[in-house]
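Chain by chain, the residues run as shown.
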Amino acid sequence: MTKLTDEGIISKRLVKSLLNASKMSLENIINNETNIPKKSFLDRLRNKITLYILSLGILAGVYIGCGKSSVSPDNDLESRTKIAFVSNRDGNNEIYVMNSDGSNQTRLTKNAYNDNFPRWSPDGKKIAFVSNRDGNNEIYVMYASGSNQTRYTYSRFPDEFPLWSPDGSKISFVSGRDGNREIYIMNKINYANKINLTNNPAFDDYPIWSPDGSKIVFVSNRDGNDEIYIMNADGSNQTRLTNNFVKDWSPVWSSDGKKIAFISNRDGNKEIYVMNADGSNQIVLTNNPAFDGYPSWFPDGRKIAFLSTRDGNSEIYVMNADGSNQTNLTNNSAGDWNPLWGQIKIK
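Note that the structure is a prediction, hence the values are computed from the model and not measured.

Visitor: Even after reading the chapter, I still don't get the overall build of the protein chain, so can you show me in this structure?
Guide: The helix and strand tally for the protein chain stands at three helices and 24 strands. Put simply, the protein chain has 347 residues, and 47% of those count as buried. A total of about 17300 Å² of accessible surface is found on the protein chain, and carbon and sulfur atoms cover 52% of it.

Next comes the structure, spelled out in structure tokens:
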């Protein structure tokens, strides 16, 4: 049930008072004005009833609005948001989901092999992931409940890092099927149609679609070390965003497309940074001797989930988008990593 604010309760009392006043006005006309000529009396009564009905409609709108205004959009989004992640707490790498506050951690996959890199579909109904259950890393898709786990790629080389396009029509992924690691896309309708987007002798990795689907940010070592690049969704206009002598990798877009979070070891160890989408204004968000990495933005851009080893093993943390309030969500003796936010559909 919707919980009313104090303002909502006061407004509903006001509505009740106005309705009572309207009823009294009708009674006064009938009881106190019976000496008015019949035609005049009926005209005034008709006008009063019309006004009364209109008032009911307006006041009903106010009444409903008072109830709805007390529902927090932030709380609603929190309840519809889950984090998919990987954990080895049951002996090998499996995929789990949990609420955005770390509660209700639930295992989705269960087999003797390793399942990694979970990625939500845009509608929140499915999760793509990587599994070596058939001999090497291939891309699978399952429902968000963990049911109907289906293999989508077939190659003697590893296929990894799947990610749906924002409209759900394509899946990008990384494959070594052409001799080195390249970025591919495949159509949802025809998964046999796999197109190489990067097509160069270097290694290209970690493709992430922009929120509007027009760009893909990725990592390449084509200039000597791992740097972050951006390209159009068709593979054209490949442009370097970072430029230094150390590794920058694992980029991910903010929900508004204005920022990109990523990992860099430019300060001596692996930390999470954020920059504008054009590569400018690169700022560090985490600052400790441990490994911090694999950031994932909350759907409204207010928070970032990430991996950290600061407590002695790999755990999933969350922080505000400015780096403040860094909090452990998983907090157990096993390893937890690869967090990814996703919005589920509530019927």
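Structure shown, so let's carry the discussion forward.
Visitor: Before we go on, may I ask you to explain the sheet that holds strand β20 (residues 292-297) in this structure?
Guide: Read from one edge of the open sheet, four strands run β20-β21-β22-β23, paired in antiparallel fashion. Of all the strands in the sheet, the pair left with one neighbour each is β20 and β23 (327-328). Relative to strand β22 (residues 315-320), strand β21 (residues 303-308) is paired through six bridges, and the arrangement is antiparallel. What sits directly across from K303, in β22, is N320.

Visitor: What exactly am I supposed to notice about the sheet that holds strand β8 (residues 159-164) here?
Guide: Where strands meet in a sheet, backbone hydrogen bonds hold them as pairs that are either parallel or antiparallel. Strand order in the open sheet made by the four strands is β8-β9-β10-β11, with antiparallel pairing throughout. The two strands at the open ends of the sheet, each matched to only one other strand, are β8 and β11 (194-196). Strand-to-strand, the axes of this sheet are offset by a mean angle of 25 degrees, without reference to chain direction.

Visitor: In this structure, what is going on with the side chain of D292? I would like to understand it.
Guide: Within the secondary structure, D292 sits in strand β20. Here S308 takes part through its side chain, which lies 2.5 Å from a polar atom of the side chain of D292. With sequence-adjacent residues up to four places away left out, D292 is seen in contact with I263, K270, E271, I272, T286, F306, L307, S308 and R310.

Visitor: I would appreciate a short explanation of the environment of R80 in the present structure.
Guide: Structurally, the position occupied by R80 is in the loop between α3 (73-79) and β1 (81-87). For R80, a relative accessible area of 24% puts it in the partly exposed group. Between the alpha carbons of R80 and G342 there is a distance of 8.4 Å; along the sequence they are 262 residues apart.

Visitor: Please clarify how the environment of A112 should be interpreted in this entry.
Guide: Structurally, A112 can be placed in the loop between β3 (106-107) and β4 (115-120). Given the relative accessible area of 70%, A112 is considered exposed. A C-alpha to C-alpha distance of 7.7 Å links A112 and R133, two positions 21 residues apart in sequence.

Visitor: I'm lost on the packing of aromatic side chains in this one. Help?
Guide: Describing an aromatic ring pair means giving the distance of the ring centres and the angle of the ring planes. Under the definition given, this model contains 10 aromatic pairs. On the numbers, 5.7 Å between centres and 25 degrees between planes, the contact of F262 with Y273 is stacked. Here the residue F262 occupies a position in strand β17 (residues 259-264), and Y273 occupies one in strand β18 (residues 271-276), the gap between them amounting to 11 residues. The exposure class of F262 is buried, given its relative accessible area of 0%. Take Y273: its relative accessible area is 3%, and that puts it in the buried class. Put simply, the rings of F117, F161 and Y206 pair up and form one aromatic cluster. Directly above the aromatic system of F298 lies the positively charged group of K303, at a separation of 4.8 Å from the ring centroid.

Visitor: Can you help me understand unusual backbone geometry in this one?
Guide: You will see that N331, though not glycine, has its phi angle at about 55 degrees, which is positive. A relative accessible area of 59% places N331 in the exposed class. We note that N338 has phi near 55 degrees; this positive angle belongs to a residue other than glycine.

Visitor: Can you walk me through the confidence of the model for the protein chain in this structure?
Guide: Caution is warranted with low-pLDDT regions, since their predicted coordinates should not be read in detail. Averaged over all residues, the pLDDT of the protein chain equals 84, while 76% of them reach at least 70. Low pLDDT (under 50) marks residues 1-12, which in the prediction has 13 contacts with non-local residues, meaning those over four places away or in another chain. Counted against residues more than four places away or in other chains, residues 58-71, with its pLDDT under 50, gives 15 contacts.

Visitor: Help me understand the environment of K82, please; the structure alone is not making it clear to me.
Guide: Mapped onto the secondary structure, K82 falls in strand β1. Distance from K82 to D101, taken between C-alpha atoms, is 8.8 Å for residues 19 residues apart in sequence. In this structure the side chain of K82 is engaged in a polar contact, spanning 2.4 Å, whose partner is the side chain of N99.

Rules used in this analysis
Residues numbered from 1 in each chain as written. Predicted model: local features only at pLDDT ≥ 70, side-chain atom pairs only at ≥ 80, totals over all residues. Heavy atoms only, no water. Helix = DSSP H or I, 4+ residues; strand = E, 2+ residues; numbered from the N terminus. Buried < 20%, exposed > 50% of the residue type's maximum accessible area, 1.4 Å probe, protein only. Areas by Shrake-Rupley, 256 points an atom, 1.4 Å probe, with all protein chains shown as cover. Pairing = 2+ DSSP bridges. Axes fitted to C-alpha atoms, helices over the stretch in contact; angles between N-to-C directions. Polar contact = N/O pair within 3.5 Å; in protein donor to acceptor, adjacent residues only side chain to side chain. Contact = heavy atoms within 4.5 Å. Phe/Tyr/Trp six-rings, centres within 6.5 Å; stacked < 30°, edge-to-face > 60°. Lys NZ or Arg CZ within 6 Å of the ring centre and 35° of its normal. pLDDT = per-residue confidence, 0-100.

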